[in-house]
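# A structural walkthrough
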Amino acid sequence: MTIRAVVKGVGHYLPTRVVENAEFEASLETTDAWIRARSGIERRHFASDGETTSSMATEAAQKALDMAGLGASDIDALILATSTADFTFPSAATMVQAQLGMKNGFAFDIQAVCAGFVFALANANALILSGQARRVLVIGAETFSRIMDWTDRSTCVLFGDGAGALVLEAEEGHGSTEDRGILSTDLNSDGSYRELLYVDGGVSTGTTGYLRMQGNQVFRHAVEKLAATATTAMENAGVTGADVDWVVPHQANIRIIQGTAKKLGLPMEKVVVTVQDHGNTSAASIPLALSVGHARGQIKQGDLLVTEAIGGGLAWGAVVLRW
Ligand code: UT7
């Protein structure tokens, strides 16, 4: 008997405030044309004053629970991937637990920056396979607008806010690649690349800090490492690119998404792309793309998906799952 962590529900939340590229032209030496050409981003959503990572995560989680036909009390574990928790502690996950009215089980944050959702999925899978949890809410939620240096045109035009969530449930599979659920995971990190992407504040400085990035260096690592981790995850699952229905990549830059798909030998017709509408929402980008891809009718039950992400750390990884 093989236990699989199967997707039962998906949902997302985007703040209502939409900011088009052209709005940055008033305050920065930038243009809509530059942002589109270099990143593929056209607009992004920014949280309003009352909105937080935990409030957006709660909205997304409730939608995923509704789709699964479950209540918060049916969930054993809640994992929230975020680098922008509302407070230093408690975890944003326990705040979501309270907001959902979930009294049982346990909740914790995972911090792997833009790779956070892939790390959260792998950990949720491990909890389910080890029998420690039967149903897990896996959420990615971020308010990167609150760690932007609005005078730095090389970063502040790239990021956005939002949240996405999945409900995973243990189900018996046959042990074959035809099973629904998570088929393999691959996680990596290398802390020697800290300087490429970090926030210059935190407990040690007494400030929240701002995101700092050597974008073109991160870009170079991204295509190579994303293609490598996706290939490893596919090998671990026993599938090839020909079996894949959808690549659901971290949405940082259309050129990274295209470059990675090309390296994997997969056509862009098989890639879910939302970066034009969301910008880079860090750990929220993959669950947002899963939810939007599902709502668009692209992702259907039985489809084979590869998700891959890279971010600060550097940390990167991939998950292969059958929807
Ligand atoms: O999600 C976590 C991982 N993060 C990423 O994956 C981001 C990875 N990096 C990228 O997406 C791209 O590197 C960027 C979109 C950040 C930049 O694109 P690029 O093609 O690598 O450009 P660049 O950094 O090499 O900069 C080219 C030029 C520079 O000017 P000079 O030095 O050539 O005169 C920049 O100062 O573009 C300039 N520039 C801008 N110009 C207009 C940088 N930002 C802007 C801007 N508007 N907003």
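Residues numbered from 1 in each chain as written. Predicted model: local features only at pLDDT ≥ 70, side-chain atom pairs only at ≥ 80, totals over all residues. Heavy atoms only, no water.

### A short note on the packing of aromatic side chains
Any two aromatic rings considered together are summarised by their centre-to-centre distance and by the angle between their planes. Going by this rule: When the centres of two rings from Phe, Tyr and Trp lie within 6.5 Å, Trp using its six-membered ring, the rings pair. Their planes under 30 degrees apart give stacked, over 60 give edge-to-face, and anything left gives tilted. Each helix is a run of DSSP H or I of at least 4 residues and each strand a run of E of at least 2, with the numbering of both proceeding from the N terminus. Exposed residues in this analysis have more than 50% of their type's maximum accessible area, buried residues have under 20%, and partly exposed residues fall in between, with area computed by a 1.4 Å probe over protein chains only.
Taken as a whole, this structure holds 3 aromatic pairs when the rule is applied. Seen in terms of ring centroids, Phe46 and Trp150 are 5.5 Å apart; in terms of plane orientation they differ by 75°. Their pairing is edge-to-face. Note that Phe46 is positioned in strand β3 (residues 43–46) and Trp150 in the loop between β6 (135–143) and α5 (153–156), a separation of 104 residues in sequence. Its relative accessible area of 39% is what places Trp150 among the partly exposed residues.

### Some remarks on helix α2 (residues 53–68)
For clarity, the threshold we go by: Multiplying one less than the number of residues by 1.5 Å gives the expected span of a helix. Any pair of residues with heavy atoms lying within 4.5 Å of one another is described as a contacting pair.
Between its first and last C-alpha, α2 extends 22 Å over 16 residues, near the 22 Å set by a 1.5 Å rise per residue. Listed as buried for α2 are Thr53, Ser54, Met56, Ala57, Thr58, Ala60, Ala61, Ala64 and Leu65. Buried residues in α2 make contact with β1 (2–13), β4 (77–81), α3 (92–100), β6 and β7 (161–173). Positioned one or two residues after α2, Gly69 has a phi angle of 70°, which is positive.

### With respect to the side chain of Asp186
Which entries qualify depends on this criterion: Charge assignment: positive for Lys and Arg, negative for Asp and Glu; neither His nor the chain ends contribute. We define a salt bridge as a side-chain nitrogen of Lys or Arg found within 4 Å of a carboxyl oxygen belonging to Asp or Glu. Identification of polar contacts relies on pairs of N or O atoms within 3.5 Å, with a donor-acceptor requirement for protein atoms, meaning one able to donate a hydrogen and the other able to accept it, and with residues adjacent in sequence counted only if both atoms are side-chain atoms.
Inspection of the secondary structure assignment puts Asp186 in strand β8 (residues 181–189). The buried charged residue Asp186 lacks any salt bridge partner; its closest oppositely charged side chain belongs to Lys225, at an N-O distance of 11 Å. A distance of 3.1 Å separates the side chain of Asp186 from the side chain of Asn188, its partner in a polar contact. Residue contacts for Asp186: discarding those within four places in its chain leaves Thr229, Thr232, Ala233, Trp316, Gly317 and Ala318.

### Here's the deal with the nonpolar core
Cut-off, in case you're wondering: The set of buried Ala, Val, Leu, Ile, Met, Phe, Trp, Tyr and Cys residues whose side-chain atoms join them within 4.5 Å is what this entry labels a nonpolar core.
Ranked by internal contacts, the top residues of the largest apolar core, which has 47 residues, are Phe24, Phe144, Val157, Met234 and Val320. Of all the secondary structure elements, the ones that give two or more residues to this core are α6 (215–237), α7 (254–264), β12 (304–311) and β13 (315–322). Per-element accounting of this core gives the leading share, 9 residues, to α6. Residues within four places of Val320 in sequence aside, it is in contact with Gly181, Ile182, Leu183, Ser184, Ala233, Met234, Ala237, Val239, Leu304, Leu305 and Val306. Grouped together as the second largest cluster of nonpolar side chains are 38 residues, Ala112, Leu168, Val272 and Trp323 included.

### A word on the site of the ligand
Stated formally: Note on terminology: near, applied to a residue and a molecule or strand, indicates that one of the residue's heavy atoms is within 4 Å of it.
In the vicinity of the ligand there are 22 residues, among which Thr30, Arg153, His250, Asn253 and Asn280 approach most closely. Trp34 has a polar side-chain atom sitting 3.4 Å from a nitrogen atom of the ligand. Listed by contribution, the elements that provide at least two residues to the shell around the ligand are α1 (32–39), α5, α6 and α7. At 4 residues, α6 tops the list of elements feeding residues into the shell around the ligand.

### Description of the sheet that holds β4
Short version of the rule: A pair of strands counts as paired when DSSP detects no fewer than two bridges linking them. Geometry is summarised by axes, namely lines fitted to C-alpha atoms with helices restricted to the contacting stretch, and by angles between N-to-C directions that run from 0 to 180 degrees.
Spatially, the 5 strands line up as an open sheet ordered β1-β7-β6-β4-β5, and their pairing is mixed. Taken across any chain shown, the strands that pair with only one partner, and hence form the sheet edges, are β1 and β5 (106–110). This sheet shows a mean twist of 20° between the axes of neighbouring strands, independent of strand direction. Pairing analysis gives 9 bridges linking β6 to β7, with the strands arranged antiparallel. Among the inter-strand pairings, Glu142 is bridged to a residue of β7, identified as Gly162. On the sheet, helix α9 (residues 285–295) packs against β1, β6 and β7 and is oriented at approximately 85° with respect to β1.

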